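What follows is the residue order along each chain.
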Amino acid sequence: MKDFCIVGSGIAGSTIANLLSKKYTIEVFEKARGVGGRASSRRFKDEANFDHGTQYLNPKNNAFKKFLKILKNKKVVKEWPGKHFDLCTVKRNHGIKLIGQKANNSISKYLLKKIKVNHLSKVIKIIFINNIWEITTDNKKKKYFKNLILTCPYPQLKPLAASYLPKDILNLNVKMQPNITVMAAFKDQKEIPVSSLRFNDSIIGWAANENSKKRFKSKLSLWTLQSTIKWACKFIDKYKKNKSGVANIIIERFLALTNYDKRKLIFVSIHGWKFSYNLNRTKFKSCWVKKYNLGVCGDWFLGPNVEHAWLSANNLFNQIKKNPPEIDGF
């Protein structure tokens, strides 16, 4: 029986798994085909891919900056070159933009490279029996662990772990925002000399030129298009019933904004993130319930960015160090 089960392989899950693995045995459960969570990447052809979740890292916290500096030296992350245009009335000072060397899930892959990850394994039920966690996945398999760490979005956390979470966590007012992303590839299209565009638009909030990330060479033009929050709120619960129709709305708006030729469009895919991020921070950074050997961390505790997921995971790690479970380790 392993010491810790980690549910989720995003930045929070991969970070806490990596930190705990120095002293404990770890196993990770991930419902998707690959690791990364909201920093997932979609492979297209050969080495070409789309960052259809997190677009880039913009470190503010000094500890996170040091962490990314180490990863940059190890060639896990790199700077995203080129021109990044903000066309909104209210400008944002984004500063440096860092991206994964091969994809934006490069960080999770690096942190989890020596840790067992169960892909396509969604945890649907958890029970704490005789000081042991029984984990049931959607394929009806059961496994047992001494400790459990959950890194899922807040709306998924509550029904899964309501019996074990303190009231001050259950009563948090967390509103997760959705996002709808369209991935598009064009042939024989004149390259637009920009890396990204932030639009002042009702439908598209952000467009990323994947070719500008210098990860692959292709004659095709690859773009990742992300909706605005308001527009995603309108379509997130029904886009799966009409994926092509919803994707076409975003594509048509992109064509109008860029003058690209729709006849040159050869590939379109759409992905919806129902619980993408929390714009506001809570009064907590993470949660460690020693009574149940249960930990919770995630970006939603602190804000919408990858940095917040990393900080939450580190905060949980420090809580566990101060009040460790009663097994061999710290």
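This text follows the structure it describes.
About the cut-offs
- Residues numbered from 1 in each chain as written.
- Predicted model: local features only at pLDDT ≥ 70, side-chain atom pairs only at ≥ 80, totals over all residues.
- Heavy atoms only, no water.
- Helix = DSSP H or I, 4+ residues; strand = E, 2+ residues; numbered from the N terminus.
- Contact = heavy atoms within 4.5 Å.
- Patch = residues over 30% accessible without salt bridge, like charges linked within 9 Å, V, L, I, M, F, W, Y side chains within 5 Å.
- Areas by Shrake-Rupley, 256 points an atom, 1.4 Å probe, with all protein chains shown as cover.
- Salt bridge = Lys/Arg side-chain N within 4 Å of Asp/Glu carboxyl O.
- Lys, Arg positive; Asp, Glu negative; His and termini not counted.
- Charge placed at Lys NZ, Arg CZ, Asp CG, Glu CD.
- Buried < 20%, exposed > 50% of the residue type's maximum accessible area, 1.4 Å probe, protein only.
- Phe/Tyr/Trp six-rings, centres within 6.5 Å; stacked < 30°, edge-to-face > 60°.
- Lys NZ or Arg CZ within 6 Å of the ring centre and 35° of its normal.
- Pairing = 2+ DSSP bridges.
- Right-handed = clockwise from strand over helix to strand, strands pointing away.
- Axes fitted to C-alpha atoms, helices over the stretch in contact; angles between N-to-C directions.
- 1 Å grid on protein atoms, 1.4 Å probe; cavity = no way out; pocket = protein on both sides within 12 Å on 5 of 7 lines; lining within 4 Å.
- Points joined across faces, edges and corners; volume = space filled by probe spheres on them.
- Parallel < 35°, antiparallel > 145°, perpendicular 65-115°, else oblique.
- Nonpolar A, V, L, I, M, F, W, Y, C, P; charged D, E, K, R; others polar.
- Core = buried A, V, L, I, M, F, W, Y, C linked by side-chain atoms within 4.5 Å.

Caption draft 1: Inspection of the environment of Leu120 at higher detail. Inspection of the secondary structure puts Leu120 in the loop between β8 (116-118) and β9 (123-129). Along the backbone, Leu120 and Gly34 are 86 residues apart, and their C-alpha atoms lie at a distance of 8.2 Å. The residues touching Leu120, leaving out its near neighbours within four places in the chain, are Glu30, Lys31, Ala32, Arg33 and Asp138.

Caption draft 2: Just a positive patch on the surface, in detail. Together, Lys22, Lys74, Lys113 and Lys114 give the surface a local cluster of positive charge. By the element assignment, Lys113 lies in the loop between α3 (106-111) and β8.

Caption draft 3: Layout of unusual backbone geometry. For Asn130, which is not glycine, the phi dihedral falls at a positive 50 degrees. Judged by its relative accessible area of 69%, Asn130 falls in the exposed class. Of note in this structure, Asn293 is not a glycine but carries a positive phi near 50 degrees. Residue position: Asn293 is located in the loop between β17 (287-289) and β18 (294-296).

Caption draft 4: Looking closely at the side chain of Asn104. Within the element layout of this structure, Asn104 appears in the loop between β7 (98-100) and α3. Once residues lying within four places of it in the same chain are set aside, the contact partners of Asn104 are Ala39, Asp51, Thr54, Gln55, Tyr56, Ile99 and Arg215.

Caption draft 5: Up close: the packing of aromatic side chains. Tallied over the entire structure, the rule returns 23 aromatic pairs. The ring of Tyr56 has Lys97 lying over it, and the distance from NZ or CZ to the ring centre is 4.9 Å. Stacked on the ring of Phe235, the Lys or Arg Lys238 has its end atom at 5.4 Å from the ring centre.

Caption draft 6: Expanded view of the pairing of strand β1 (residues 2-7). Here β1 lies mainly inside the structure; 5 of its 6 residues are buried. Bridge analysis of β1 against strand β11 (residues 142-150) gives 5 bridges, and the strand direction is parallel. Counted as the bridge partner of Val7 is Leu150 from β11. Where β1 and strand β2 (residues 26-29) come together, 4 bridges link them in parallel fashion. Residue pairing across strands places Phe4 opposite Ile26, the latter belonging to β2. For the crossover from β1 across helix α1 (residues 11-20) to β2, the handedness is right-handed.

Caption draft 7: Looking closely at the sheet that holds strand β16 (residues 265-278). The mixed open sheet is built from 6 strands, whose spatial order is β6-β13-β14-β15-β12-β16. Because the sheet does not close on itself, it has two edges, and the strands there are β6 (84-86) and β16. The average angle at which neighbouring strand axes cross in this sheet is 15 degrees, direction not considered. Sheet analysis places strand β14 (residues 204-209) next to strand β15 (residues 221-227), joined by 5 bridges and oriented antiparallel. Along β15, the bridge assignment pairs Ala208 with Thr224. In the packing of helix α7 (residues 243-258) onto the sheet, the strands contacted are β12 (176-186), β14, β15 and β16, and the crossing angle to β12 comes to about 70 degrees.

Caption draft 8: Representation of empty space enclosed by the protein in the model. In the structure shown here, the tally under the stated rule is 1 cavity of 30 Å³ or more. Here the largest cavity defines a volume of roughly 60 Å³. Around the largest cavity, the lining residues are Ile11, Ala39, Thr54, Tyr56, Leu57, Val77, Leu98, Ile99, Gly100, Asn104, Ile107 and Val306. With 3 residues, the top contributor of residues to the lining of the largest cavity is β7.

Caption draft 9: Seen up close, the packing of helix α2 (residues 62-73) against helix α8 (residues 306-322). Interhelical geometry of α2 versus α8 gives an angle of 100 degrees and a closest axis separation of 10 Å. When the axes of α2 and α8 are compared, the pair comes out roughly perpendicular. Listed contacts from α8 to Ala63, Phe64 and Phe67 of α2 are Val306, Glu307 and Trp310. The residue inventory of the contact of α2 with α8, partitioned by class, reads 5 nonpolar, no polar and 1 charged.

Caption draft 10: Geometry of the environment of Leu302. Among the structural elements, Leu302 can be located in the loop between β18 and α8. Taking the C-alpha atoms as reference, Leu302 lies 27 Å from Lys23; in sequence the two are 279 residues apart. The residues contacting Leu302, other than those within four sequence positions of it, are Arg281, Phe284, Lys285, His308, Leu311 and Ser312.

Caption draft 11: How the structure looks around the nonpolar core. Among the nonpolar cores identified, the biggest contains 35 residues, and Ile6, Ile16, Leu20, Ile26, Ile107 and Ile149 are the most heavily contacted of them. Of all the secondary structure elements, the ones that give two or more residues to this core are β1, α1, β2, α2, α3 and α8. The next biggest cluster of nonpolar side chains, apart from the first, holds 32 residues, and it includes Val7, Leu150, Tyr164 and Leu165.

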